[in-house]
Amino acid sequence: MDVALWVALAAIVVILLAFLVSLQRLKFQIRLRDEEAHHLVTRRLPALMDAERGLPIDVPGPLRPHLADTPFHQEMQTAIGQFAGFADETRQRADRAAKATLISTMRGVQSLANEQQLAITEMQHEHDDPTVLEGLMKIDHANSQLVRRAQATAVLCGTWPGQQRSAAPVLDVVRGATSRIRDYLRIEAHSESELSVSSRAVEPVVLALAELLDNAARYSQPATQVQVHFQPAHNGLSIVVDDAGVGMNPEARERAKALLTGREVVDINKLGDPPQIGFALAGVLAARYGFKVFVEAASPYGGMRAVLFLPNELLTKPETPAPAPAMNEPAADQRTSTGLPKRQRRSHAVSAQSAEHGNWGTGTPSVMGAWQRGSLTGRGSEDEPDDEKGTSAS
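Residues numbered from 1 in each chain as written. Predicted model: local features only at pLDDT ≥ 70, side-chain atom pairs only at ≥ 80, totals over all residues. Heavy atoms only, no water.

The protein has the name histidine kinase in an unreviewed UniProt entry, where Saccharopolyspora endophytica is given as its organism. In the Catalytic activity (unreviewed entry) part of its UniProt record, the protein is described as follows: "ATP + protein L-histidine = ADP + protein N-phospho-L-histidine." (UniProt positions renumbered as here; feature names shortened; annotations may be inferred.)

Below, the structure is given as structure tokens:
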């Protein structure tokens, strides 16, 4: 009887010890899961949110790797995936709303800037006082920069550059891009080309090249010049931009190369403060219109080299203009009813070939004429709207 009682008591003690051990193990597992849940809420999810916003943050892994094969860990991964999906959807919704607001705002800005441009142009035609014209040129230049900023923002938000332009010589395209940046006097073009840019690509190339020139001038010393020259190739033409600036570190260069491919989706919330839109805009336009933009390691002047390559599909040869009739031989249909020749109005337009192409950024009268022609070419004078204008990019 005593033996049986002791056996029963021993069994009860063993059962109690086993229960206590199991209870302690359960408490330990619960504590591990509580710590893992706390780590998820305080570390992993905030880091995941920061990463979704584009901050360079590594999202930490689980605190207890040995829980990886447990249902608890799988449920946590499901929760993280759902959180990431909701965060991405929220970001995309906010991005679409921000782009829609910016597009609407930029359309209003462009409309007002175009009205201002028409008023400036009319005043330039009406006034011949040098002081007044100098002031109008400054206002015209500031307005051109305003239009470029509005166009760039709208393009990054999914719209198209603007109106269809007629084909323009490559040198005039460079002038048009130069006229839209603040430091236009520091741009020097050292070569010419007989080729023209096709009509559908003129405005995109002007915009992309303006960003490259502005970037080159902005990140180099004010006393230095930005050199531009053309490099023909069997399959196209390269516009080469060399500056004497500070250059870029390897990380910035890789980031620029990624943006210039145009394959990366541009998030306007990740372009910095203030936004650095130059390379992003050039990449978007290059991908849409078929040209390419590259950033090389260094220019011969110690800064950076940017190359805008135009394939043959975007280039044309200008048509040879018909010879003008001799001034001393009026045409038959240019006579009055009495047989006297009609008086012909002389054109005051200056030929493009009369500009000093070698150094047209020094402020001389012929240079200012070339700059003004480039400005008009860059803006374009065609009234035919672009079929792509106002539509969202696919």
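A. Here's a closer look at the nonpolar core. By size, the foremost hydrophobic cluster in this structure holds 56 residues, and its most contacted members are Leu213, Ile239, Phe291, Leu308 and Leu310. Element by element, the count of residues in this core is highest for helix 5 (residues 199-218), at twelve residues. Here Ile239 is in contact with Val170, Val174, Leu209, Val228, His229, Phe230, Ala306, Val307, Leu308 and Leu310, once residues within four sequence places are set aside. Counting seven residues, the second largest nonpolar core, distinct from the first, contains Leu40, Phe72, Met76 and Ile80. (Core = buried A, V, L, I, M, F, W, Y, C linked by side-chain atoms within 4.5 Å. Buried < 20%, exposed > 50% of the residue type's maximum accessible area, 1.4 Å probe, protein only. Helix = DSSP H or I, 4+ residues; strand = E, 2+ residues; numbered from the N terminus. Contact = heavy atoms within 4.5 Å.)

B. Examining the side chain of Ser198 more closely. Locating Ser198 in the fold gives a position in the loop between strand 3 (196-197) and helix 5. Apart from residues lying up to four places away in sequence, Ser198 is in contact with Ala167, Glu313, Leu314 and Thr316.

C. Seen up close, the sheet that holds strand 3. With antiparallel pairing, three strands are arranged side by side in an open sheet as 1-3-8. Every interior strand has two partners, whereas the edge strands, strand 1 (168-169) and strand 8 (315-316), have only one. Bridging between strand 1 and strand 3 involves two bridges; their strand directions are antiparallel. Residue pairing for strand 3: Pro169 is matched across the bridge by Ser196. (Pairing = 2+ DSSP bridges.)

D. Region of the structure containing the packing of aromatic side chains. Within this structure, the stated rule accounts for one aromatic pair. The aromatic ring of Trp160 is capped on one face by Arg288, whose charged end is 4.7 Å from the ring centroid. (Phe/Tyr/Trp six-rings, centres within 6.5 Å; stacked < 30°, edge-to-face > 60°. Lys NZ or Arg CZ within 6 Å of the ring centre and 35° of its normal.)

E. Here's a closer look at a nonpolar patch on the surface. Nonpolar side chains collect at one region of the surface, where Leu5, Trp6, Leu9, Ile12 and Leu16 lie side by side and expose about 550 Å² of accessible area between them. Its location among the elements puts Leu5 in helix 1 (residues 2-52). (Patch = residues over 30% accessible without salt bridge, like charges linked within 9 Å, V, L, I, M, F, W, Y side chains within 5 Å. Areas by Shrake-Rupley, 256 points an atom, 1.4 Å probe, with all protein chains shown as cover. Salt bridge = Lys/Arg side-chain N within 4 Å of Asp/Glu carboxyl O.)

F. Fine view of the side chain of Ser238. Mapped onto the elements of the fold, Ser238 is located in strand 5 (residues 236-242). When residues no more than four places from it in sequence are discounted, the contact partners of Ser238 are His229, Phe230, Gln231, Val307, Leu308 and Phe309.

G. Structural context of the pattern of salt bridges. What the rule picks out here adds up to ten salt bridges. We note a salt bridge from Arg149 to Asp214, for which the minimum N-O separation is 3.8 Å. Residue Arg149 is found in helix 3 (residues 130-156), and its partner Asp214 is found in helix 5; the two are separated by 65 residues along the sequence. We classify Arg149 as partly exposed; its relative accessible area is 34%. Relative accessible area serves as the criterion here: at 8%, Asp214 is assigned to the buried category.

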